[in-house]
Amino acid sequence: MSNYYQQIRLSIPDQAMREIMVALLADAGYEGFVEEPGTLLAYIPEEAFSQERLNEILEPFSYTYETERIAQRNWNAEWEAGFQPVQVGDFCMIRADFHPAVEGMQYDLVITPKMSFGTGHHATTYQMVESMKGMNFDGKTVLDFGTGTGILAILAKRMGAERVLAIDNDSWSIENSQENLDRNGVDDIEIRLCDSLEGLGKFDIILANINKNVILREMEAMIEHCNPGGAILISGLLESDSTDLTAAIAGLPLTLKQKSNKDSWLCWQ
């Protein structure tokens, strides 16, 4: 395997559009993202780069870009410099240890920032946390599907969940999740490296802050693994995906209780 990556430098002045581009490129295999003023840097292993695929993604847009072959380096250090905390009123703050704590927060969660958090996921994380605020986790069994940093699993446990299982298909995320569990003093959350729900049992609440393709593919499986009267909370989809999501859940035994939209990202329960 090559130690070189393809760097794509995109000129995108709008913050919301940079987040949308992160989602599109992540689905195409891009592994790291760094934001600069008006610019998004995206990285993909050299052997996985496809100029044709990149052109397909960028075709609907008019953004200019440059490509550069670079050696592998510590993008986490670069990304960390631009990392911003997520604060949901006085309910919850998700911050790195180099951010100061805010007094009066009900839940103050500290993460070690790594690229599993994702540049484009601040709006989705915000909406997931905001929706969780209105849910009852006391004594519940919870699945965090696509846990990333593990932060939603940690919050669910802090909110009174009896059992929390956090899964992800990325070993980097599993490692990062464990670090964050330790950092937040939560040692009774189970973490597994897997990419499907098969054999995981049933849960009262399923949290899924993942991408569109996985949500559409696993929607029926999430229903099967949700206890009667349970809740499925999803995000990671763009506003433009709402038609596909509506079609996917049509006819399924689901009741849509609430929708939210922030910076073109959806969150449905």
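All values reported here derive from a predicted model rather than from experimental measurement.

Cut-off values and rules
Note on numbering: residues in each chain are counted from 1, in written sequence order. Since the coordinates come from a predicted model, pLDDT governs what is reported: local features require at least 70, and pairs of side-chain atoms require 80 or more to be given and counted, while whole-chain, interface and lining totals use all residues. Excluded from the side-chain calculation are hydrogens and water; included are all heavy atoms of the structure. Under the scheme used here, helices are H or I runs from DSSP no shorter than 4 residues and strands are E runs no shorter than 2 residues, and both carry numbers assigned from the N terminus. It is over C-alpha atoms that the radius of gyration is taken, and the globule rule equals 2.2 Å times the number of residues to the power 0.38. Each residue is placed in one exposure class: buried if its accessible area under a 1.4 Å probe, protein chains only, is under 20% of its type's maximum, exposed if it is over 50%, and partly exposed if it falls in between. All accessible areas in this document rest on Shrake-Rupley with a 1.4 Å probe, and a residue is counted as covered only by the protein chains that are shown. Two strands are counted as paired when DSSP detects at least two bridges linking them. Note on method: axes are straight lines fitted to C-alpha atoms, helices fitted across the in-contact stretch only, with angles between N-to-C directions ranging 0 to 180 degrees. Residues are treated as being in contact if the distance between any of their heavy atoms lies within 4.5 Å. Think of pLDDT as the predictor's per-residue confidence, scored from 0 to 100. With respect to orientation, any angle under 35 degrees is reported as roughly parallel, any angle over 145 as roughly antiparallel, any angle of 65 to 115 as roughly perpendicular, and every other angle as oblique. For this classification, Asp, Glu, Lys and Arg are treated as charged, while Ala, Val, Leu, Ile, Met, Phe, Trp, Tyr, Cys and Pro are nonpolar and the rest, including Gly, are polar.

### Points about the overall build of the protein chain
For the protein chain, the helix and strand inventory stands at 8 helices and 14 strands. In terms of overall dimensions, the protein chain is globule-like: its C-alpha atoms have a radius of gyration of 18 Å, near the 18 Å expected for 269 residues. Overall size of the protein chain, expressed as C-alpha extent along the three principal axes, is 50 × 45 × 35 Å. Relative to its full complement of 269 residues, the protein chain shows a buried share of 50%. When the accessible surface of the protein chain is totalled, it reaches about 12,400 Å², and 46% of it is carbon and sulfur.

### With respect to the sheet that holds strand 5 (residues 86-88)
The 3 strands are arranged 5-6-7 in an open sheet whose pairing can be described as mixed. Of all the strands in the sheet, the pair left with one neighbour each is strand 5 and strand 7 (107-111). The sheet shows a mean angle of 15° between the axes of neighbouring strands, direction not considered. With 5 bridges connecting them, strand 6 (residues 92-96) and strand 7 associate as parallel partners. Following the sheet pairing, Arg95 is matched in strand 7 by Val110. The strands touched by helix 5 (residues 151-158) are strand 6 and strand 7; relative to strand 7, the strand with the most contacts, the crossing angle is about 150°.

### Considerations on the confidence of the model for the protein chain
Averaged over the protein chain, the pLDDT score is 87; the fraction of residues at 70 or greater is 92%. Within the protein chain, strand 8 (residues 141-145) carries the highest mean pLDDT (97), whereas helix 3 (residues 75-81) carries the lowest (60). Counted against residues more than four places away or in other chains, residues 116-120, with its pLDDT under 50, gives 21 contacts.

### Overview of the sheet that holds strand 3 (residues 39-45)
Pairing within the open sheet is antiparallel, and its 4 strands lie in the order 2-3-1-4. Either end of the sheet is taken by a strand with one partner, and the two such strands are strand 2 (32-36) and strand 4 (65-71). For this sheet the average axis-to-axis angle between neighbouring strands, irrespective of direction, equals 20°. Relative to strand 4, strand 1 (residues 4-11) runs antiparallel, the two being bridged by 7 bridges. The partner of Tyr4 across the bridge, within strand 4, is Ala71. Strand contacts of helix 2 (residues 51-58): strand 1 and strand 4, with the helix running at about 140° to strand 4, the strand carrying the most contacts.

### Regarding the environment of Ala28
When you line up the elements, Ala28 lands in the loop between helix 1 (15-27) and strand 2. Taking C-alpha positions, Ala28 is 28 Å from Ala96, a pair spaced 68 residues apart along the chain. Residues in contact with Ala28, not counting those within four places in the same chain, are Ile44, Arg53 and Ile57.

### Re the packing of helix 7 (residues 212-224) against helix 8 (residues 242-249)
Following both chains from N to C, one finds helix 7 and helix 8 inclined at 10°, their axes separated by 10 Å at the closest point. Between helix 7 and helix 8, the interaxial angle falls into the category roughly parallel. Two secondary-structure elements touch here, helix 7 through Lys212, Ile215, Leu216 and Met219 and helix 8 through Asp244, Leu245, Ala248 and Ile249. Among the residues making up the contact of helix 7 with helix 8, the classes are represented as 6 nonpolar, no polar and 2 charged.

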